[in-house]
Amino acid sequence: MKSVRLFENWVLTLGTFLAAALWIFPLYWAFLTSIRSEDRVVSNEAGIIPDEFNLANYIDILWDTNLVTWYINSIGTAVIITVTVLISGMMCAYAISQLRFPGRRILYGVVLCSFMVPSQALVVTQFILMNDLGLINTWAGIILPQLVVPVVIIVYKQFFDAVPKEMREAVVLDGGGDYTLLFKVYLPLNWGITTALAIITFIMAWNQFLWPFLAVTTEDMMTIPVGITQVNDAFGVFYARLMSVALLGAMPVAIAYLIFQKKVTEAVMISSGVKG
């Protein structure tokens, strides 16, 4: 019996190692490409062993592109989207969960239905609306369509539903209103959920490509994912430079993930549970 378990553990460990290697290899290859000269990248002699360490691609990206501007745009839009989504989602979930008003169940049904609609299916109507409002190539035009994140409302509602009614009654008896309940009682109780949702929302906003790509028409308004498409020029694709800017663009999110890995995992588990 012991030998069988030992064999199973070895098989599981080996499978995990192989899966990790398959996941890490593209990142390794991207880094390897970024530190090579373009001639070396497109040659038939380029292998998987580092044979040169050339930082010229990174220097060219920093000096010849608007990478710093793209960073600032991405950070600004991601922070605004994250804060707004969390506050509005929390307030909406509180109203649906704790308040009694006509159409409450219908409103929650609409939220659930919108959760099942992919965002890509709405880009045409969103673009027409933003264009009619004159918001194309504006910060409002980039941010507003990304403020609807139904999963945030659903997760918060589940939490509010689980809070004992006695706690709400005690606060009301002490003269506290909905503001006190939401921000001074319920919010301190769900900091873990709020932190996890904030990280996931920030990463989603940072990595968003399709809508900013459609809504932005000038390079100074681009975010990192959209700016990467501007690295190539009329002379063709420069793979080394492309990999350099891609790695620089992904670095903040990767660092944030490593720091808050536990919270990110909790958020993914929460989202998976909701979807199921």
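Residues numbered from 1 in each chain as written. Predicted model: local features only at pLDDT ≥ 70, side-chain atom pairs only at ≥ 80, totals over all residues. Heavy atoms only, no water.

**Points about the packing of aromatic side chains**
This model, assessed by the stated rule, comprises eleven aromatic pairs. Plain terms: the ring middles of Y179 and F183 are 5.2 Å apart, the flat faces sit at 45° to each other, and that makes the pair tilted. With Y179 and F183 both in helix α10 (residues 178–189) and four residues apart, this pair spans about one turn of that helix. With relative accessibility at 56%, the residue Y179 sits in the exposed group. Since its relative accessible area comes to 29%, F183 is described here as partly exposed. Members of the aromatic cluster, each reached through a chain of ring pairs, are Y94, Y156, F159, F160 and Y186. Lying across the ring of Y108, K157 places its NZ or CZ 4.5 Å from the centre. (Phe/Tyr/Trp six-rings, centres within 6.5 Å; stacked < 30°, edge-to-face > 60°. Helix = DSSP H or I, 4+ residues; strand = E, 2+ residues; numbered from the N terminus. Buried < 20%, exposed > 50% of the residue type's maximum accessible area, 1.4 Å probe, protein only. Lys NZ or Arg CZ within 6 Å of the ring centre and 35° of its normal.)

**Here's the deal with the environment of A254**
Considering the arrangement of structural elements, one finds A254 in helix α14 (residues 239–259). Along the chain, A254 and I75 lie 179 residues apart, while their C-alpha atoms are 14 Å from each other.

**Topic: the packing of helix α4 (residues 67–98) against helix α8 (residues 150–162)**
Put simply, α4 and α8 touch, their axes get as near as 8 Å, and they point 45° apart. The angle between α4 and α8 places the two elements in the oblique class. You can see that α4 and α8 cross each other, and the crossing is right-handed. On α8, the residues that touch V85, L86, G89, M90, C92, A93, Y94, I96, S97 and Q98 of α4 are V152, I153, Y156, K157, F160 and D161. Across the contact of α4 with α8, the residue classes break down as eleven nonpolar, three polar and two charged. (Axes fitted to C-alpha atoms, helices over the stretch in contact; angles between N-to-C directions. Parallel < 35°, antiparallel > 145°, perpendicular 65-115°, else oblique. Left-handed = near helix turned anticlockwise from the far one by under 90°. Contact = heavy atoms within 4.5 Å. Nonpolar A, V, L, I, M, F, W, Y, C, P; charged D, E, K, R; others polar.)

**Remarks on the pattern of salt bridges**
The final tally for this structure, using the stated rule, is one salt bridge. Measuring nitrogen to oxygen at the nearest pair gives 2.6 Å for the salt bridge that ties K157 to D161. One end of the pair is K157 and the other is D161, both in helix α8 and four residues apart, which spans about a single turn. According to the relative accessible area criterion, D161 is partly exposed, its value standing at 44%. (Salt bridge = Lys/Arg side-chain N within 4 Å of Asp/Glu carboxyl O.)

**Details of the environment of N57**
Considering the arrangement of structural elements, one finds N57 in helix α3 (residues 56–64). Taking the C-alpha atoms as reference points, N57 and M243, separated by 186 residues in sequence, lie 9.0 Å from one another. Setting aside anything within four residues of it in sequence, one finds N57 in contact with T33, S34, I35, R36, A240, R241 and S244.

**A word on the nonpolar core**
Membership of the largest hydrophobic core comes to 30 residues, with the highest contact counts inside it found for V152, Y156, F160 and Y186. The set of elements that each furnish at least two residues to this core consists of α4, α5 (104–115), α8, α10 and α11 (191–207). Counting residues in hydrophobic clusters, the runner-up holds 21 residues, among them I35, M221, I228 and V253. (Core = buried A, V, L, I, M, F, W, Y, C linked by side-chain atoms within 4.5 Å.)

**A short note on unusual backbone geometry**
Positive phi values are uncommon outside glycine, yet N137 reaches one of about 65°. Summarising the element assignment, N137 is placed in the loop between α6 (123–132) and α7 (139–143).

**Here we look at the confidence of the model for the chain**
Looking at the chain as a whole, the pLDDT averages 83, with 92% of positions reaching at least 70. Put simply, helix α15 (residues 261–275) is where the chain has its lowest mean pLDDT, 57, and α7 is where it has its highest, 94. (pLDDT = per-residue confidence, 0-100.)

**Section: the side chain of S34**
Here S34 is to be found in helix α1 (residues 2–34). Using a relative accessible area of 0% as the deciding quantity, one classes S34 as buried. Polar side-chain contacts of S34 include one of 2.6 Å to the backbone oxygen of F31. Ignoring anything within four residues of it in the chain, the contact list for S34 reads N54, N57, Y58, A240, M243, S244 and L247. (Polar contact = N/O pair within 3.5 Å; in protein donor to acceptor, adjacent residues only side chain to side chain.)

**Observations regarding the state of the cysteines**
Following the criterion strictly, the structure yields zero disulfides and no others. Left unpaired, C92 is separated from the closest cysteine sulfur, that of C113, by 14 Å. With a relative accessible area of 45%, C113 lands in the partly exposed category. (Disulfide = S-S within 2.5 Å.)

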